[in-house]
Amino acid sequence: MRAAVRRSGGRAVGTAVVAAVFLTASPPDRLTAQDSQFGIRGLGTPGRWESVRSRSSGGAFAPFDALSPLMEAPLADISQLTATAAGGTSHRDAQLGDTITKLRATRFPLMGVAGRVAPRLVISGGFTTYLDRSWDVTLRDSTVLRGELERYRDEITSDGSVGDIRLAAASRLSRRLAIGAGIHILGGSTRMTAERRFDDSTFHAVGQVAEVRYDGFGVSGSVLIGVAPGLTIAGWARADNRLRAQVGDSTIALTDLPRMAGAGLLLAPSPRVRFAGSAAWRSWSNAGPGAFDTWSWSAGAEFGSGRMPIRLGVRGGQLPFGPGTKAPTEFAASAGTGRAFAQGRALIDLGVERLERRGGILTERVWTVLVGLTVRP
Amino acid sequence: MTRRRLALVGAVLLAAACVERLTAPGHCPDFCPSGQITVVDTLLTTSINRDSSYRGYVVSYQSPVMLAAFLSDTTGTLDGRPIFRFNGFGPRLPVSSVDTGQIIDADSARLQLYIVRRDTATHNLRLQFYRLPTTIDTTTTFDSLAGQFTDTVKIVNIDALLAQPGQKDPLTGDSVVVDTVNHRWLLSLKFDAAAARYDGTSDSGAVAYGIRIAADTLASIAFGKGSVGPVLQWYLRVDSLGMPVARKPGILGTTLANFVFAPAPAPLDSTLAVGGVPSARSLLRVAFPKFIRDSSQIIRGTLFLVPAVAARGAPADSFVMEARTVLADFGRKSPIDARLDDPIVIHPGATDTIKIEVTSMLQLWAADTTHPTVFLLRSRAEAQYFGEIRFYPSKAALRPTLQITYVKQFPFGVP
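What you are looking at is a predicted structure, and each value in this text was computed from that prediction instead of being measured. (Residues numbered from 1 in each chain as written. Chains lettered and ligands numbered in written order. Predicted model: local features only at pLDDT ≥ 70, side-chain atom pairs only at ≥ 80, totals over all residues.)

**Looking at the overall build of chain B**
- Check the secondary structure of chain B and you find four helices and 27 strands.
- On C-alpha atoms alone, chain B measures out to a radius of gyration of 31 Å, which is more than a quarter above the 22 Å that the 2.2 N^0.38 rule sets for 415 residues.
- Seen through its principal axes, chain B has C-alpha atoms that stretch 110 × 75 × 40 Å.
- Within chain B, the fraction of its 415 residues that count as buried is 38%.
- Expressed as a percentage of contacts within chain B between residues at least 6 apart in sequence, the contacts between residues at least 24 apart total 80%. (Helix = DSSP H or I, 4+ residues; strand = E, 2+ residues; numbered from the N terminus. Rg over C-alpha atoms; globule rule 2.2 N^0.38 Å. Buried ≥ 20, exposed ≤ 12 C-beta atoms within 10 Å, placed from the backbone. Contact = placed C-beta atoms within 7 Å.)

**Some thoughts on the confidence of the model for chain A**
- Across chain A, pLDDT averages 89, with 91% of residues at or above 70.
- Between residues 1–34 of chain A, whose pLDDT stays under 50, and residues either more than four places distant or in other chains, the model counts 56 contacts. (pLDDT = per-residue confidence, 0-100.)

**Details of the interface of chain B and chain A**
- Listed by partner, the interface residues are 34 residues for chain B and 46 residues for chain A.
- Among the elements of the structure, α1 (2–17), β1 (23–25), β2 (39–44), β21 (296–305) and β27 (401–408) of chain B are those that each provide at least two residues to the side of chain B that touches chain A.
- For the side of chain B that touches chain A, the per-class residue count stands at 19 nonpolar, nine polar and six charged.
- Examined bridge by bridge, strand β5 (residues 135–145) of chain A and β1 of chain B share three bridges and lie parallel to one another. (Nonpolar A, V, L, I, M, F, W, Y, C, P; charged D, E, K, R; others polar. Pairing = 2+ DSSP bridges.)

**With respect to unusual backbone geometry**
- With an omega of 0°, the peptide bond running from alanine 262 of chain B to proline 263 of chain B counts as cis.
- Take proline 263 of chain B: it is sitting in the loop between β18 (256–262) and β19 (272–275).
- Residue valine 277 of chain B is joined to proline 278 of chain B through a cis peptide bond whose omega torsion reads -10°.
- Positionally, proline 278 of chain B belongs in the loop between β19 and β20 (280–286).
- At arginine 146 of chain A, a residue that is not glycine, the phi angle is positive and equals roughly 55°.
- With respect to the helices, strands and loops of the structure, arginine 146 of chain A is situated in the loop between β5 and β6 (148–172).
- The backbone of arginine 50 of chain B shows a phi angle near 50°, a positive value even though the residue is not glycine.

**Notes on the sheet that holds β2 of chain B**
Residue and element names in this part refer to chain B.
- The strand order across the open sheet built from four strands is β2-β27-β21-β24, with neighbouring strands paired in antiparallel fashion. With partners counted over all chains shown, the strands left at the sheet margins are β2 and β24 (354–357), one partner each. Strand-to-strand, the axes of this sheet are offset by a mean angle of 20°, without reference to chain direction.
- For β2 and β27, the ladder comprises six bridges, and the chain directions are antiparallel. Along β27, the bridge assignment pairs valine 40 with tyrosine 406.
- With respect to the sheet, helix α4 (residues 359–367) is in contact with β21, β24 and β27, its orientation differing from that of β21 by roughly 130°. (Axes fitted to C-alpha atoms, helices over the stretch in contact; angles between N-to-C directions.)

**Some thoughts on the nonpolar core**
- In terms of nonpolar packing, the biggest core is built from 133 residues, with Ala68, Phe223 and Phe375 of chain B touching the most fellow members.
- In terms of residue count, strand β7 (residues 100–117) of chain B provides more of this core than any other element does, eight residues in total.
- Of the domains in this structure, domain 1 (39–58 + 277–408) and domain 2 (61–262) of chain B are the two that each give at least three residues to this core.
- With near-sequence residues (within four places) excluded, alanine 68 of chain B lies in contact with Gly80, Arg81, Pro82, Ile211, Ile213, Ile221, Phe223 and Phe259 of chain B.
- Ala73, Val122, Leu224 and Leu266 of chain A belong to the second largest nonpolar core, which has 23 residues in total. (Core = buried A, V, L, I, M, F, W, Y, C linked by C-beta atoms within 7 Å. Domains from an automatic or database assignment.)

**Re the domain arrangement of chain B**
Residue and element names in this part refer to chain B.
- Segmenting chain B into domains produces domain 1 (39–58 + 277–408) and domain 2 (61–262).
- Relative placement of domain 1 and domain 2: their C-alpha centres are 40 Å apart.
- Contact with domain 1, which involves nine residues of that partner, is made by 15 residues of domain 2.
- Grouping the constituent residues of the side of domain 1 that touches domain 2 by class yields seven nonpolar, one polar and one charged.

**Side note on α4 of chain B**
- Here α4 of chain B has its buried residues at Met361, Leu362, Trp365 and Ala366 of chain B. Axial view of α4 of chain B: buried residues confined to an arc of 140°, hence all on one face. (Arc of directions from axis to C-beta.)

**Regarding the environment of alanine 279 of chain A**
- By the secondary structure assignment, alanine 279 of chain A is in strand β13 (residues 273–282).
- Look past the residues within four positions of alanine 279 of chain A in its chain and what remains in contact with it is Gly262, Ala263, Trp295, Ser296 and Trp297 of chain A.

**Here's the deal with the pairing of strand β26 (residues 388–391) of chain B**
Residues and elements named next belong to chain B.
- Covered by surrounding structure in β26 are Glu388 and Arg390 together with Ile389 and Phe391, the residues of both alternating faces.
- Pairing geometry for β19 and β26, over four bridges, is antiparallel. In the sheet register, alanine 273 faces β26, and the bridge partner there is arginine 390.

Encoded structure:
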C-alpha cells in the first residue's frame, strides 16, 4: 500500500514537473489564443476563457468549471492546490471569395493555480488571453509615384496579445450558494512591423517596427446557486475600463472595453451524465466604429465517470469585429475526453473542435486540437 | 501502453507547435489593419542653397594617366600632349669590373608605353614623338612648350602596326601587344640614333619626350603612368681604350610624367563646375526639412541638376560624376565621407537634366542628425578626363532641386 502511494505521488510530481516545463518553455508572446482574420481590423480576436474540459463541451460547462477563468464562484469547490494549463494547435482555412489560405498556429492560452487558504475561502491566480493580436497580412497593389505606376507588396504583421491576469477569490456560503469575485489586470504587447517592397528597386524597401504595449483593468463577480439536487444555475458579470495602447512613451489609443454578463444552467440527472447550457452578452460596440455587441451561447454534455468521460458540445454566437453593418457569426462543434492519472492527481484533457466563422466575403473554417493538463500535487 | 500513447501525443503536439503559418493575403479595407503605409512624394525647390565650386584638387602631374587628345569642334581645338623625362647614366659607364669608359653615343633606344584607354572608334591613330628640353617639370605649361613641338623625331601609326603580321614592323622595329584582359596596348618603339640622342656631358644623359596624337576622328587616348608608365632601354656605345663597345644598361623609368593641354579650363564662375583638369568640385548645402528627417522613412531621393552649358570633353570620354557627402563642412577642404557615393555617367555634349539617386545619403542624414547635409559633386576619376560639366547654381531659375519620396510613420497600435 505504501509503495502504491509512493508511486502515485511520484507520478504526480513527475506530471507537475512536465507541466511546469510545458508552461515555462514557451515564450510569453505565444501565450495567445486562436486568432482570426476578423480581428485584424479591430482590437483583436477575443480569447476563450475556458479550460480544455469546458471547451470540449462547447464551453457550456465553463460557468461551472473551477479551472475555467470565466467565473470565480466555482473555485469555492476546489479542495486542494490545483494547477492547470492548456495548449492548442489550429489549422485554419481562410476563404476570401475564391481564394483559400491555409493557416496554422499553436497557442497556449490558459494557465491557472488555485488553492484553499481558509475553510471557506479559495483564491486563484492565473492568466488567459483577452485579445489575440497575432496576424500577418500581405497585400499586392500599385500606386502612381513620380508619374509612373509602381507595383509593390506590403506585409503588415502583429505578433502578440493582450493577456488577462486574474486574481480571484471564492467562497461557498452555504451548500447551495457560492460566490466569487476577481480583479483583472490586462497587459501585453505586440511587436508590429510594416514593410513595403516595390518591384522597382530604385525605391528602397520600407521597414518600420514598433513595440505596442497595452494595459487595462477590470473587475468581475459571479454566483453559483444550487436550485435543486442535480440542478445548478450560474450568473456572472464583468466590467473592464479601457485598453490603452502605447508606443514608447506616447499613448496611441484609448479604447473602451465591454461590459459583459452571462448565465448558465447545469443539469446532472446522475453522476455519470451531465448537461449544461450557457449564454453571454458583451458590449463590444463600446470599442468604437466597426465593433458590435455580441451574444454567444453554448450547450454541451458529459458522459461517463471522472476517470475517462466523453464530452460533446456546440456553441454559436457573434464576433465583435468585422466589416459591414452586421456582426460576423460563428458556430462550432466539439468533442473530447480526459484521463486521470496518479489517483486523480494529474489529469490530461484532450479535445477537438470544428469551427466556422462567417462575415462579409470571408469564411473561416478551423480545426483545433486541444490538450489540457491539470495537476493536484 | 499509456506511456506510449502519451509520448505519441506529446510528439504530435511538439511537431505541430514548431510550425506556425500566419501570413494571409489581405483584402482591404475589410480585412486589413486600419493603418496603411502612406507614401509622400515632394519636390524641394528651395532647399539647396549656399552652393560653391572649387578647382585644383587633382592636377595633371598627379593624375595616374597622361592624357593625349586632338579634338576640334566649333568652339575650338582640345589639344593634350603627354610629356615625360628619363634621367640618364651620366657621361660614363663601366666597361669592366674596375674601369669605366666615356659614353660615345647611343646606337638606339627602345621606348615602351602603355595605352590604357582609347576609343575603339578611333581610326588611323598616329603618335608623333618630339624631343623636349630636359628642364620640363610639373609647372611646365602648354604655351611654354609650343615651340618645342615642331621637329618630329618619330611617327608611329598604331593602326598600321596592328595590321602587321605578329603586330611587329620589321622595318622600324616597332611592335604592339594587345592585352585583352586589362584592355590596354603595350607599345614597344625603337628610336634610332637620331631620335635617341644621348648627351652624357651637358644633360647627364637625361632625355625628355612629348607626344602629339592625330587620327581621322576622335583622337583621344590615355597613356599609363607608374607601373604601367613609359620605360626606356638605352643601347649605348662606350669607349674602351679607344675601341667602341656596346653596352645595354638597365631600363629607366620616368622621373616626370605629365601632360599639358590647351585650352586651359575656363575660370570658375557662378555655375557649379565638376571635373576637368585640374579637377573641380562643387558643394551643395541642403536645408533638410525637419518633418522628413524626424518622422519619416526616405525611400527615394533624386538630385536634379540642369547643365548650364553642354558638358565639355572628348566625345568618347564619358566620365562618371559622383555625388557624395562630407564628414564636416569646411568649404573646399571638406573631408569626404567615403561610405556612400551615388554615380552617374556624364556624356560630353549632353545638355539633358542630370538626375542622381541620392537615397542612401538622405537616409544617412535622417539617421545621423549631426551629419552635415552637404552634397559634394566630383568626377570619380579626377584629372583622368578632360571632361567637365557645369550646372546652374541655386540662385538661378534652373536651380538644383531635390525630389524626395518618403513614408510617414505607420500608425502602429491604432485599432
